[in-house]
Amino acid sequence: MTFLKNYKFLVSFLFIPVVGLLISFNTRPDDDKPVQKTYKTEYVIVLIIDGPRMSETFGDSTYKYIPNLSGVLAPQGVLVKTFRNNGTTTTNSGHTAICTGVYQSVKNDGSELPKHPTMFQYFLKEKGLDSTQAWVIASKGKLNILANTKNKTWKNKYTPSQFCGVDGKGEGYTNDRYTWRDAQTILSKYHPKLTLINLLEVDVRGHQNEWPEYLQAIRNTDKIALDLWNFIQSDSIYKDKTTLLITNDHGRHLDGVKDGFVSHGGGCEGCRSIYLVALGPDFKSNTELLNCYEQIDISSTIAELLHFNYPVSKGEIMTDLFK
């Protein structure tokens, strides 16, 4: 009997560790499977203020033309003064770089679609959402190209809704006041998950060689940027769940380069230097970064926030923005 008891004890003693090892082995997590981070962000809005020069925005230490961006919005988020357009510094090419994560030279008259499918298309396909959950809203009608691609596999598929130009018909230019009015209507009605808004006044006034009006346009768009953020915070669906990225498609020539502030499209520092103000529940606050991020990083960062795959982008996730 004593031997039998000792035998049973020995078997039990040996069996427990073996079972433990088996259980440990069978429940071991898959080390090769990345753990998906969780974010509070459920909605992303990109506001593109078309064509201000840094010397009249964050390159001016007084910030006199952008009191809201500098004094109200940037302190609530992350400011990148060293943001860059390292591609073609024109309107359609700059917007395309933001929406595809790839630099390419696109005809600036709206007659050429991006070569690569946009982040809107990948987002809508992967999430199984209809077109009203992603929008391109622009003062410039020609920016309706951002809703599609010339890529044969993706052309005319998973395209976002668009409201660009006069009456949203993809033609002409309309006043930024109307664009902001229409944007509020669309945001309130559909609460899209991913939205891009373009404001043209700064760029147009510059091309018209109207210096006082150009400066006033910077003030006007600065006010709209604040109004947009206040709209987000006052909306019960968007509040505390929305990331807002405010940036530019390009800058303008420096004084002494060609015709100065009137034009852009070259490789001078004035054309390439732009800014990024990033606000949202997953970003740091009251932070200025010296990292030289660039336009193509925006789509990668949005894909990270909204949890969709976007292999097209050549950019990187702007990890320094995150808490």
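Before reading further, recall that the structure is shown in the block above.
### Digging into the sheet that holds strand β5 (residues 169-171)
Sheets are built from strands that pair by backbone hydrogen bonding, the pairs being arranged parallel or antiparallel. In space, the nine strands of this open sheet follow the order β5-β4-β3-β6-β1-β7-β8-β2-β9, with mixed pairing throughout. Taken across any chain shown, the strands that pair with only one partner, and hence form the sheet edges, are β5 and β9 (287-289). Sheet twist, expressed as the mean angle between neighbouring strand axes with direction ignored, is 15 degrees. Bridge count between strand β1 (residues 43-49) and strand β7 (residues 242-247): six bridges; the pairing is parallel. Across the sheet, L47 pairs through a bridge with I246, a residue of β7. Packing against the sheet, helix α9 (residues 297-306) makes contact with β1, β2 (78-84), β6 (194-199) and β7, and its axis sits at approximately 160 degrees to β1.

### Let's talk about the side chain of H191
Note on placement: H191 falls in the loop between α5 (176-190) and β6. Within the structure, H191 has its side chain in polar contact with the side chain of D235 (distance 2.9 Å). If near-sequence neighbours (up to four positions away) are discounted, H191 is found in contact with Y43, Q133, I186, D235, I237 and Y238.

### Section: the pattern of salt bridges
Considering all chains together, one arrives at 11 salt bridges under this definition. Put simply, D203 and K140 hold a salt bridge, and the shortest N to O gap is 2.7 Å. Remark: K140 occurs in the loop between β3 (134-138) and β4 (161-165) and D203 occurs in helix α6 (residues 201-207); sequence separation between them is 63 residues. Here D203 matches K140 in class, with each residue buried. Residue D203 pairs with R252 through a salt bridge whose shortest N-O separation is 2.9 Å. Placement of D203 in helix α6 and of R252 in the loop between β7 and α8 (269-272) is noted, with a sequence separation of 49 residues between them. For R252, a relative accessible area of 0% gives the class buried.

### A short note on the environment of T221
Relative to the helices and strands, T221 is located in helix α7 (residues 211-234). Taking the relative accessible area as the measure of exposure, T221 reaches 2% and is therefore buried. With 22 residues separating them along the chain, T221 and L199 place their C-alpha atoms 7.3 Å apart. Those residues in contact with T221 that lie beyond four places of it in its chain are I49, D176, L199 and V202.

What counts and how
All residue numbers refer to positions counted from 1 along the written sequence of the respective chain. Totals for whole chains, interfaces and linings use every residue, but because this is a predicted model, local features are given only for residues with pLDDT of at least 70 and side-chain atom pairs only at 80 or more, for both listing and counting. In computing side-chain values, all of the structure's heavy atoms are included and hydrogens and water are not. At least two DSSP bridges between two strands are needed for those strands to be called paired. Helix and strand definitions here come from DSSP, where helices need a minimum of 4 consecutive H or I residues and strands a minimum of 2 consecutive E residues; each element is numbered from the N-terminal end. In this analysis, axes come from line fits to C-alpha atoms, helices being fitted only over the stretch in contact, and the angle between any two N-to-C directions falls in the range 0 to 180 degrees. In what follows, a contact means two residues having at least one pair of non-hydrogen atoms within 4.5 Å. In the analysis that follows, any N or O atom pair within 3.5 Å is treated as a polar contact, provided that within protein one partner can donate a hydrogen and the other can accept it, and provided that, for residues neighboring in sequence, both atoms belong to side chains. Whenever Lys or Arg places a side-chain nitrogen within 4 Å of a carboxyl oxygen from Asp or Glu, that contact is recorded as a salt bridge. Exposure is judged per residue with a 1.4 Å probe applied to protein chains only, and the accessible area is read against the type maximum: over 50% gives exposed, under 20% gives buried, and values in between give partly exposed.

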